[in-house]
Each structure stands twice: as C-alpha cells, then as structure tokens.
Amino acid sequence: MDNSRAQWGSKLGFILAAAGSAIGLGNIWKFPGRAYEGGGGTFVLIYLCMVIFFGVPLMLTELSMGRASQANVVGCFHKLGHKGWSWVGWVGVLGAFIITCYYSHVGGWVLRYVYSYAFEAPEVYGDPLGYFYATLGLAADETTHFPWVAILFAALFMLCNAVVIIRGVEGGIEKFNKIGMPALFLILVILLVRAVTLPGAEEGLKYMLSFDWSKVSFTTVLSALGQAFYSLSIGMAILITYGSYLPRTENLHKNTVLICTMDTLVAILAGFIIVPAVFATLGADHVGKGGGFAFVSLAGVFEQMPGGRLFGVLFYLLLLFAALTSCISLIESIVAFLTEHFNWKRTATTIGVCTVMFLIGCLYTCSQAAYPLKGFWIDAAGGVSFPAFCDAMEYLTDRLMIPFCALGCCLFAGWVWKPESAIREIEQSGVRFGMKKTYAVIIRYIAPLAIITILGMSIFGGITLS
Ligand code: PFF
C-alpha cells in the first residue's frame, strides 16, 4: 500500500508546491493591511519573530508527522498508533473543506478582476465600490440581483483547481506550481520596482521600515501569530498531506526553513508594494484590509499610477496564482483523505467534492451583499449573534478550527508521539538536527500556551484576530 502512494517527482517540485500552499491571499492582501495597522516596521519585526519561534517548529512537526506516517491527515494518527487523536485530522479536513468553499469564491472574484482590468478598466476606475458591489449582486440603486458574475468566475476558478488535482500529485500539482510560482515571483518583482519608484512612495517605505515601541502590544503580537499560522498554512494539517509525499532522503529542516523564508519574503514584499503605493496615490488613510481593500481601494492606486492598467492586470494575476496554488493544497488534502479513507476514485472524488464546495461557496458570495443570509456565532464576550453567513464561515475557521487543529498537532507531537519521534524523523535524511532541545520546549510548552491564549482571546476576550 505504502509503495503505491504518490510522491513528489523532485525536491524542487515539493518546495514550490509547499511554498505555493503557504503563499496565498493571506500574504498579498491580508498581510499589508495588518502590517499597516500594527505599525509598519514594528509589525514586520514581530511577525518575523512569530515565524521563527512558532512557524518553523510547527511546520516541521506537521511535515515530519506526514512523512513518518505516509498517510493523509486522519490516517496519520492511526498509522502513528494513536487512533484516539484522529479528531485533530478531522478538524483539519473539515476546516480545509470550509476554507475551500470561500477561498475558491474569492479566487473567482480575483479572476474576474484580471478580466476587468484587461477589458473594463474605465468602468472599475469610474466607481470602484459600485463595480465591486455590482459583481456581488448589489446595484447602484440599492436593488439586488443574483451575483451571477461572481459565481460564474468562481465556477471557472474551481474548474481550474479540479483539473490540476485530477492530474495528480506529480503530473498536476507539481507541474502547475513549477510554472505558477516563478511567474508569481517575477510579477512581484515588477510590481515592487513600480511601487517604490512612484513619487511620494518614500513616506510609505519609511513607515514600513520604522520601529515604534508604543505599537508593541499583546494584541499586535497575537495578531502577528494568527497571521503567521494562516499564512504558513499551519493548523489545517495540509502539510501532513504534503509531507506524506516526501521521500525519506529529504532534509525536512532545511526545506521547512526555505518554505517559511519564501512565504515571509512574499508577505513582506507585498507589504512593501502595497503600503508605499497607497501612501503615494491615495494617502495613508486608505490602507485597509480585507476584500474591500483588495478590490476597491487599489483601483485608485492603479488609476493614478502611470501604466496602471497593465500593473493592475499583473497584480490580479499575481493574486490569482497565489490563490490557485493555495486552494489546490486545500483540495488535495481533502481528496487524499477521502480517496484513502473510503477507497474512492480520485477523479470522481475530486469532481464531487469540488461541486459541493462550490455550491456551499455560493452562499458565501450571495451573503456578501445580494441576500441577507445569516450565520450563527456564539462567544463569551458577545453572546449569541447572527453575523452574515460569509463572516460566520470565516470566524469558524480562523478563530476556532485553525487554532484547535494547530493545538492538537502540538499536544500530539509534544506529549503523545513525543518530540524524540519527530526528531528521529527529521534526522532520517542523515543530517543532524542541531536544535533538538529548543524544538522540544517550543512544541511541548510555548506553542500550546500561545495557541491557548489566541483561542481564549477570541472566545472570551472579544478580540478578533482575523
Ligand atoms: N496560506 C494561505 C494564504 O496565506 O492565503 C491560505 C491557506 C492555505 C490557509 C491552506 C490554510 C491552508 F491550509
């Protein structure tokens, strides 16, 4: 059985695919807004510490669990001899399922905007907010209609994902990332040169390089930690699946450091593109976060920038590649689980699961503006509430499921499977792992405490980290 498992065709293929999973919408549109709110350079520095102290050890843990077990997220716990912990894998699969439902729809909007900048840029510039809302089914006169444009593009986006997944690990995922990732880096560099050479960009650059002690707070640290988890794809057990396709000869530690470095570099570069560009064109007040920012405020930036239309197309292409490679990893993790656990066929499973996720995602898109669909939420600080369905989906994954799954992985690796087993797996390639003690302390004590604090803050403290 183990011998027939898919494997990465090359080391580069794995690194690009894992970096592709990590580098996503989180890096390019969430990070710059958070970095701005967290004080620019101050946030960047705190974020770097979070990646080094928590990101690297947790990624290393997930990858070693995957490679040691050569199994999917749920099967991993069975294979390692602790069936009782498979709930961690279930939370991971379910979380990946819910994230894919909305991630694929946001990917669809991004695809729509590649088209919009290429063919309808004047309409976007004319009324950026109106254009965005019209895509989501809310007309200028406040009447609503079915958001068919957004949904059509989401269907196309999901189709691209399904095609890659059906082609398999080496023939599909690896091949796609080998083209998509270099393209992403190239576009990033072009946009960086454009942004920092804009007249007035120095202010934004200065801000992104500044350090201000007064901005260092508990909330900033937790916000950086939450962002690091999301950005590195930690806590959805995706990396267990990707690690399970790795041959024993691979140096896990070196690969982990490389993937974390690439992901962090892209986030920081995106910050150094967007913040200076917004400072130079719209002014500091317009740096924001979330969907509205990526689709609305940036229109003003591209409108005022020489060659803005071309750079607009490039920016959304960048976002598109990033979203695709991340979404592919989410779907692969689900498909790997379903095909191995239930013995289902890969093609039929992919088609089935993508269709269901796309349909649930339609509720996400519809609840943005067109229809008042409500979700359900409960927390100690705010009690019972009925947020928009789209918000409830994000709360569920970002505030609960990602931290829960990450906590489960830490507790499992720290106390049940034991750091020694992870270290043995890490050293399989024959290279000594020099930070055994530090790793064990982080995974057993420090990381679980930090995650419990995040959970506590979002459940009891009313602090929103997403
Ligand atoms: N890391 C991706 C991003 O930064 O957008 C999002 C993501 C992908 C989160 C896969 C979780 C995951 F399992």
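Structure report, in brief. (Residues numbered from 1 in each chain as written. Predicted model: local features only at pLDDT ≥ 70, side-chain atom pairs only at ≥ 80, totals over all residues. Heavy atoms only, no water.)

## Topic: the overall build of the protein
- Scanning the protein from terminus to terminus reveals 19 helices and two strands.
- Computed over the C-alpha atoms, the radius of gyration of the protein is 21 Å, within 12% of the 23 Å expected from 2.2 N^0.38 for a compact globule of 466 residues.
- By its C-alpha atoms, the protein is 60 × 50 × 50 Å across when sized along the principal axes.
- Residues counted as buried form 61% of the 466 residues belonging to the protein.
- Pairs at least 24 residues apart make up 80% of the contacts formed inside the protein by residues separated by at least 6 positions.
- Surface summary for the protein: the accessible area is close to 17600 Å², and the carbon and sulfur share equals 68%.
- Of the side chains in the protein, 28 bear a positive and 26 a negative charge, and the two mean positions are spaced by 12 Å. (Helix = DSSP H or I, 4+ residues; strand = E, 2+ residues; numbered from the N terminus. Rg over C-alpha atoms; globule rule 2.2 N^0.38 Å. Buried < 20%, exposed > 50% of the residue type's maximum accessible area, 1.4 Å probe, protein only. Contact = heavy atoms within 4.5 Å. Areas by Shrake-Rupley, 256 points an atom, 1.4 Å probe, with all protein chains shown as cover. Lys, Arg positive; Asp, Glu negative; His and termini not counted. Charge placed at Lys NZ, Arg CZ, Asp CG, Glu CD.)

## Structural notes on the pattern of salt bridges
- One pass over the full model with this rule turns up nine salt bridges.
- Of the charged contacts in the structure, one is a salt bridge between Lys206 and Glu203, with a shortest N-O distance of 3.8 Å. Remark: Glu203 and Lys206 occur in helix 10 (residues 201-209); sequence separation between them is three residues, near one turn of the helix.
- You can call Lys206 exposed: its relative accessible area is 56%.
- Ionic pairing is found between Glu427 and Lys436, a salt bridge with its closest N-O pair at 3.0 Å.
- Put simply, Arg67, Arg248 and Glu425 are held in one network by salt bridges that share partners. (Salt bridge = Lys/Arg side-chain N within 4 Å of Asp/Glu carboxyl O.)

## A word on the site of the ligand
- In the vicinity of the ligand, 14 residues are found, and the nearest of them are Ala22, Gly26, Tyr103, Tyr230 and Ile238.
- Take Leu25: an N or O atom from its main chain is 3.0 Å from an oxygen atom of the ligand.
- Within the contact set of the ligand, a nitrogen atom lies 3.1 Å away from a side-chain nitrogen or oxygen of Ser233.
- The protein chains hide 100% of the 330 Å² of surface that the ligand would expose on its own. (Near = heavy atom within 4 Å. Polar contact = N/O pair within 3.5 Å; in protein donor to acceptor, adjacent residues only side chain to side chain.)

## Here we look at the packing of aromatic side chains
- Summed over the entire model, instances satisfying the criterion amount to 41 aromatic pairs.
- Here Lys30 stacks its cationic end above the ring of Tyr230, 3.7 Å away from the centre of that ring.
- The positively charged end of Arg399 is found above the aromatic ring belonging to Tyr395, 3.7 Å away from the centroid. (Phe/Tyr/Trp six-rings, centres within 6.5 Å; stacked < 30°, edge-to-face > 60°. Lys NZ or Arg CZ within 6 Å of the ring centre and 35° of its normal.)

## Notes on the packing of helix 5 (residues 86-119) against helix 8 (residues 148-166)
- Between helix 5 and helix 8, whose axes approach to 7 Å, the crossing angle comes to 105 degrees. The orientation of helix 5 relative to helix 8 falls into the category roughly perpendicular. Note on element contacts: helix 8 touches helix 5 through Val149, Ala150, Phe153, Ala154, Leu156, Phe157 and Met158, opposite Thr100, Tyr103, Ser104, His105, Gly107, Gly108, Trp109, Leu111, Arg112 and Tyr115.
- In terms of residue class, the contact of helix 5 with helix 8 is made up of eleven nonpolar, five polar and one charged. (Axes fitted to C-alpha atoms, helices over the stretch in contact; angles between N-to-C directions. Parallel < 35°, antiparallel > 145°, perpendicular 65-115°, else oblique. Nonpolar A, V, L, I, M, F, W, Y, C, P; charged D, E, K, R; others polar.)

## Quick notes on helix 17 (residues 389-416)
- Helix length check: helix 17 (28 residues) gives 37 Å between terminal C-alpha atoms against 40 Å at 1.5 Å per residue, within 8%.
- Most pronounced at Met401, the bend in helix 17 amounts to some 35 degrees, and the proline Pro403 follows within four residues.
- Count one or two residues on from helix 17 and you reach Lys418, which has phi positive near 80 degrees. (Expected span 1.5 Å × (residues − 1). Bend = angle between axes of the 7 residues up to and from the residue.)

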